[in-house]
Amino acid sequence: MEIKGIASEALDFILEASKSMAPLEFAGLLQAKDGIITEVLILPGTESSDQNAVLRLYMMPNMKSAGSVHSHPGPSRRPSRADLRLFSKTGNCHIIVGRPYDRQSWTCYDRGGNVRELPVVDVEFEDESLF
């Protein structure tokens, strides 16, 4: 699936989660609907430290991810070698967030670690009632 953008609410969730986890890294997998990233899947067993976050990919449900998201505790948003290994396993849209965790402090990469465009879009979410 071609990823055309990220929902504003999904990006706000990522930024808030990254900020609240600092100085530990936040990590999750990106889920898309109709080419728009709308959700972040937090895998059971994910471990976070001030150096890295470890996603237990074997805990992923039987579904595809659009990519990954994680934060760096400092302002650098450049992918490490470990980040690039993760990128190669999970989709083609990978977000790294850095301090100060605002709308200007995130970068999206493709699976090769190249910067890619990811427009922020307003999406109307359907009210999914449990009843």
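Look up a bit, the structure's there.
Parameters at a glance
- Residues numbered from 1 in each chain as written.
- Predicted model: local features only at pLDDT ≥ 70, side-chain atom pairs only at ≥ 80, totals over all residues.
- Heavy atoms only, no water.
- Pairing = 2+ DSSP bridges.
- Helix = DSSP H or I, 4+ residues; strand = E, 2+ residues; numbered from the N terminus.
- Contact = heavy atoms within 4.5 Å.
- Axes fitted to C-alpha atoms, helices over the stretch in contact; angles between N-to-C directions.
- Polar contact = N/O pair within 3.5 Å; in protein donor to acceptor, adjacent residues only side chain to side chain.
- Phe/Tyr/Trp six-rings, centres within 6.5 Å; stacked < 30°, edge-to-face > 60°.
- Buried < 20%, exposed > 50% of the residue type's maximum accessible area, 1.4 Å probe, protein only.

Trainee: I'd like a rundown of the sheet that holds strand β9 (residues 120-121), residues and numbers included.
Mentor: Judged by pairing direction, the sheet is mixed, and its seven strands sit side by side in the order β8-β7-β6-β2-β3-β1-β9 without closing on themselves. Either end of the sheet is taken by a strand with one partner, and the two such strands are β8 (106-109) and β9. Here five bridges tie strand β6 (residues 67-71) to strand β7 (residues 93-97), and the two strands are oriented parallel to one another. Bridging across to β7, Val 69 finds its partner in Ile 95. With respect to the sheet, helix α1 (residues 8-21) is in contact with β1 (5-7), β2 (27-33), β3 (36-41), β6, β7, β8 and β9, its orientation differing from that of β1 by roughly 75°.

Trainee: Just give me the short version of the environment of Ser 8, but keep the residues and values in it.
Mentor: Mapped onto the fold, Ser 8 is located in helix α1. As a C-alpha pair, Ser 8 and Ile 37 span 29 residues in sequence and 9.3 Å in three-dimensional space. In this structure Ser 8 touches Arg 103, Val 120, Val 121 and Asp 122, once residues within four positions along its chain are discounted. In terms of polar contacts, Ser 8 uses its side chain to reach the side chain of Arg 103, at 2.7 Å.

Trainee: Which residues make up the packing of aromatic side chains, and what values do they have?
Mentor: Per the stated rule, a full pass over the model turns up two aromatic pairs. Judged by centre distance (6.3 Å) and plane angle (75°), the ring pair of Phe 13 and Phe 26 falls under edge-to-face. Of the two residues, Phe 13 sits in helix α1 while Phe 26 sits in the loop between α1 and β2, which places them 13 residues apart along the sequence. Residue class for Phe 13 comes out partly exposed when judged on its relative accessible area of 42%. Of the residues examined, Phe 26 reaches a relative accessible area of 6% and is grouped as buried. Centre to centre, the rings of Phe 87 and Tyr 109 are 6.2 Å apart; their planes meet at 25°, and the pair counts as stacked. With Phe 87 in helix α2 (residues 81-87) and Tyr 109 in strand β8, this pair connects stretches of sequence that are 22 residues apart.

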